[in-house]
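Close look at the chain arrangement
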Amino acid sequence: MPRITLDRVINLPYDEIASKLQEFIRAKVEEAGARGAVLGVSGGVDSATVLFLAVRALGPDRVRPLIMPDSNVTPQVDVEDAKDLVRLAGAEPHIINIAPIVDVYKSTLPIYEDEEADRLPLGNLRARIRMCLLYYYANKHNYIVLGTGDRSEILIGYFTKYGDGAVDILPIGILYKTQVRRLAHSLGVPDKVAFKPSSPRLWPGQTAEGELGVPYEEIDLVLHAVFDLGMSWDEASEATGVSPEKVHRIRELYERSAHKRNPPPAPPIDIVARYYER
């Protein structure tokens, strides 16, 4: 079996792809009858890429970037990177510190204990607060909400349900993380952001690869083998050289997150449909 390498995944015509993604954004805004688009900018590669694409597609006056740090957990370097990115794109930054909102939730919830005991639900709460703010802006100004999730994150479920997963469109949802980094570079995103280690920053010290246990270079190879080339998980391990243990981890992430990619289930319609028969 021929070996699949990362070069096969990342060697793409990024200028052509960027043009198509810009057309997609422009068309979806027009279809919605919207005035423009709003998105969260974190200082990471995914949101930087969507920001640059959106500004190219719509112009800076029709793109509203929101920078939404939690001053208790978000590193200041990420905030500065986000502000620099928005200025570089030619748009106007809007900064909202969500820490006071999080504090109200913590003081109101009777089951809240502390930052460590509640790390996961509190981290997801931060993502959902950001979603609420994005949709507030969208509703008020007739914008659509641009998602910043990439294909790797979507397939392995590395996003918060009804948080950063709650969006109107996913402009880079067809690109793996390693591809997004190269697209970002081609768009003029500074390399310090394009190749910055990924992290949702939902709690102190969080990194994507530390939490996932597998680097994106290997995740993307395996996902490409399975979902683009039609290989089984075992075949993907052999073809990519990624260990069976890591492939098992990637498969587990994919299968356990199926509920995030599907609409909420409802009972079969035939439970009531038979009463409609005449």
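Scroll up to find the structure this text is about.
Let me sum up the structure you'll find in this document. (Residues numbered from 1 in each chain as written. Predicted model: local features only at pLDDT ≥ 70, side-chain atom pairs only at ≥ 80, totals over all residues. Heavy atoms only, no water.)

1. Section: the sheet that holds strand 3 (residues 94-95)
- A sheet is described by the order of its strands in space; here 4 strands give the open sequence 3-2-1-4, paired in parallel fashion. Both outer strands of the open sheet, strand 3 and strand 4 (143-145), are each paired with one neighbouring strand and no more.
- Summarising the sheet, strand 2 (residues 63-67) and strand 3 pair through 2 bridges and their orientation is parallel. Within the sheet, the bridge partner assigned to L66 lies in strand 3 and is H94.
- Those strands touched by helix 6 (residues 119-141) are strand 1 (36-40), strand 2, strand 3 and strand 4, and its axis lies near 160° from that of strand 4. (Pairing = 2+ DSSP bridges. Helix = DSSP H or I, 4+ residues; strand = E, 2+ residues; numbered from the N terminus. Contact = heavy atoms within 4.5 Å. Axes fitted to C-alpha atoms, helices over the stretch in contact; angles between N-to-C directions.)

2. Observations regarding helix 12 (residues 233-240)
- Every buried residue of helix 12 is listed here: W233, A236, S237, A239 and T240.
- On its buried face, helix 12 is in contact with helix 11 (216-228) and helix 13 (244-256).
- Taken from the residues just after helix 12, G241 is the one with a positive phi, measuring 80°. (Buried < 20%, exposed > 50% of the residue type's maximum accessible area, 1.4 Å probe, protein only.)

3. Some thoughts on the packing of aromatic side chains
- Applying the stated criterion to the full structure yields 3 aromatic pairs.
- Ring plane angle 85° and centroid distance 6.1 Å describe the contact between F227 and W233, whose orientation is recorded as edge-to-face.
- Given the relative accessible area of 28%, F227 is considered partly exposed.
- The class for W233 is buried, based on a relative accessible area of 12%.
- Pairwise contacts between aromatic rings join F227, W233 and Y254 into one cluster.
- The ring of Y216 has K177 lying over it, and the distance from NZ or CZ to the ring centre is 5.1 Å. (Phe/Tyr/Trp six-rings, centres within 6.5 Å; stacked < 30°, edge-to-face > 60°. Lys NZ or Arg CZ within 6 Å of the ring centre and 35° of its normal.)

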